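# Analysis of the macromolecular model
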Amino acid sequence: MPAILSLPALQTALEVGAIYSLVAMALFLSYRVLDIADLTTDGCFVLGCAVSVTLTAAGHPFLAIPAAMLAGACAGFVTAFLQTKLGVPSILAGIITNFGLYSVNLTVMGSANVNLYKSGTIFSLVKETGFAGSWHKLLVASVVVLAVCVLLVLFLGTRLGLSVRATGDNMDMVRASSINTNFTITVGLCLANAMTGLAGAMAAQYNTFADVNGGTGMVVLALAALVIGETLIGKGGMVRRVAGVILGSIIYRLLYAAALRCQVPADYMKLVSAVIVAAAIAAPEVRRWAAFQRRKAA
């Protein structure tokens, strides 16, 4: 095992897995709770990166975090508006917003890629304090993710949060109860994309650069983390399900790191990612097939 995953590789996988678990939680809210296939994720992630690097380069790394979340919420609002007010199907609404965000991201960044090598980030500022030593990045990422988890679980337990959950379960019943489903859909998509924007902001400052194509395939990777977590932990209460999302994201990054340590050529890493995603999505069906075979044999 040490030959497959060294301590630095394990540390990096935990850090990246924690940051990208925010995207998986966003997908959990939109896809699992609200039952909407939101394809805004790829462009919204880059939007968070773009806002973060722009403000961080200007000397405001902490302000970049809420600003990226606000930008992500605005992207979610556009998707919700297209869906609820203009009658655009949810998948097409996400595609349209994602398509338009490419130009927005280029405008915000000013170029196709921006680096932060000469700018202080939230990670470098914590490092300067000497707190947590070489694990300072994991500490920052863990604090942010834990705070988001707690706030998400608390929100889903409020009256508005229960309305959002009910909208995903049975929209007709919610409408019959005189609840404005357009409002609950808008709230859910804004919150989900705010988390995606937060993930982009954290990733940009963690990597000290942002690229306009950096969000490609993000929704697929987040779905893989979501499915891995559900396969391992199962479906239960909200705390358990949110914890499963984080665990799935970390496990996915561990598998990715193991592939890198096995010296898989860079040209094949997309293929490795595709195999991991396919295996994660197919895992529940394989488990059901194996259980059926055991019952059949008995």
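Now for a look at the structure at hand. The model shown is predicted, which means the values in this text are computed figures rather than measured ones.

Now for the overall build of the protein. Of regular secondary structure, the protein possesses twelve helices and two strands. Along the protein, from the amino end to the carboxyl end, the secondary structure elements read α-α-α-α-β-α-α-α-α-α-β-α-α-α. Taking 19 Å as the expected radius of gyration for a compact globule of 298 residues, we find that the protein reaches 20 Å, a close match to that expectation. Here the protein holds 298 residues, and 47% of them are scored as buried. Accessible surface, the protein as shown: approximately 14,500 Å² in total, 67% of it carbon and sulfur. One finds the centroid of the 19 positive side-chain charges in the protein at a distance of 7 Å from the centroid of its 11 negative side-chain charges.

What follows is about a nonpolar patch on the surface. The grouping of Phe-77, Val-78, Phe-81 and Leu-86 at the surface amounts to a nonpolar patch, some 370 Å² of accessible area in total. Classification of Phe-77 by relative accessible area gives partly exposed; the value is 45%.

Turning next to the pattern of salt bridges. Tallied over the entire structure, the rule returns three salt bridges. Across the salt bridge formed by Asp-172 and Arg-175, the nearest N and O atoms sit 3.9 Å from each other. With Asp-172 and Arg-175 both in helix 8 (residues 171-176) and three residues apart, this pair spans about one turn of that helix. On the accessibility criterion, Asp-172 (55% relative accessible area) is exposed. Overall, Arg-175 belongs to the partly exposed group, its relative accessible area being 46%. Two residues, Glu-285 and Arg-288, come together in a salt bridge whose shortest N-O distance is 2.7 Å. On the criterion of helical spacing, the pair formed by Glu-285 and Arg-288 is a turn pair, its members being three residues apart in helix 12 (residues 269-297).

All right, on to the packing of aromatic side chains then. Applying the stated criterion to the full structure yields four aromatic pairs. Taking the centre distance of 6.4 Å and the plane angle of 25° together, the rings of Phe-77 and Phe-81 count as stacked. With Phe-77 and Phe-81 both in helix 3 (residues 61-84) and four residues apart, the pair spans about one turn of that helix. The positively charged end of Arg-253 is found above the aromatic ring belonging to Tyr-20, 4.6 Å away from the centroid.

As a further point, take the packing of helix 10 (residues 218-233) against helix 12. Following both chains from N to C, one finds helix 10 and helix 12 inclined at 35°, their axes separated by 9 Å at the closest point. For the crossing formed where helix 10 meets helix 12, the hand is left-handed. On the side of helix 10, the interface is formed by Val-220, Leu-221, Leu-223, Ala-224, Val-227, Ile-228 and Thr-231, while helix 12 contributes Ser-273, Val-277, Ala-280, Ile-281, Ala-283, Pro-284 and Arg-287. In terms of residue class, the contact of helix 10 with helix 12 is made up of eleven nonpolar, two polar and one charged.

Inside soluble globular proteins, nonpolar side chains tend to come together where they are buried. Counting 65 residues, the largest nonpolar core has Met-25, Phe-28 and Met-202 as the members making the most contacts within it. The leading source of residues in this core is helix 1 (residues 7-33), at 13 residues. Those residues within four positions of Met-25 in sequence are excluded, and the remaining contacts are Val-145, Val-148, Cys-149, Leu-152, Met-195, Val-242 and Val-245.

About the thresholds
- Residues numbered from 1 in each chain as written.
- Predicted model: local features only at pLDDT ≥ 70, side-chain atom pairs only at ≥ 80, totals over all residues.
- Heavy atoms only, no water.
- Helix = DSSP H or I, 4+ residues; strand = E, 2+ residues; numbered from the N terminus.
- Rg over C-alpha atoms; globule rule 2.2 N^0.38 Å.
- Buried < 20%, exposed > 50% of the residue type's maximum accessible area, 1.4 Å probe, protein only.
- Areas by Shrake-Rupley, 256 points an atom, 1.4 Å probe, with all protein chains shown as cover.
- Lys, Arg positive; Asp, Glu negative; His and termini not counted.
- Charge placed at Lys NZ, Arg CZ, Asp CG, Glu CD.
- Patch = residues over 30% accessible without salt bridge, like charges linked within 9 Å, V, L, I, M, F, W, Y side chains within 5 Å.
- Salt bridge = Lys/Arg side-chain N within 4 Å of Asp/Glu carboxyl O.
- Phe/Tyr/Trp six-rings, centres within 6.5 Å; stacked < 30°, edge-to-face > 60°.
- Lys NZ or Arg CZ within 6 Å of the ring centre and 35° of its normal.
- Axes fitted to C-alpha atoms, helices over the stretch in contact; angles between N-to-C directions.
- Left-handed = near helix turned anticlockwise from the far one by under 90°.
- Contact = heavy atoms within 4.5 Å.
- Nonpolar A, V, L, I, M, F, W, Y, C, P; charged D, E, K, R; others polar.
- Core = buried A, V, L, I, M, F, W, Y, C linked by side-chain atoms within 4.5 Å.

Function cannot be read off these values alone, since they describe shape.
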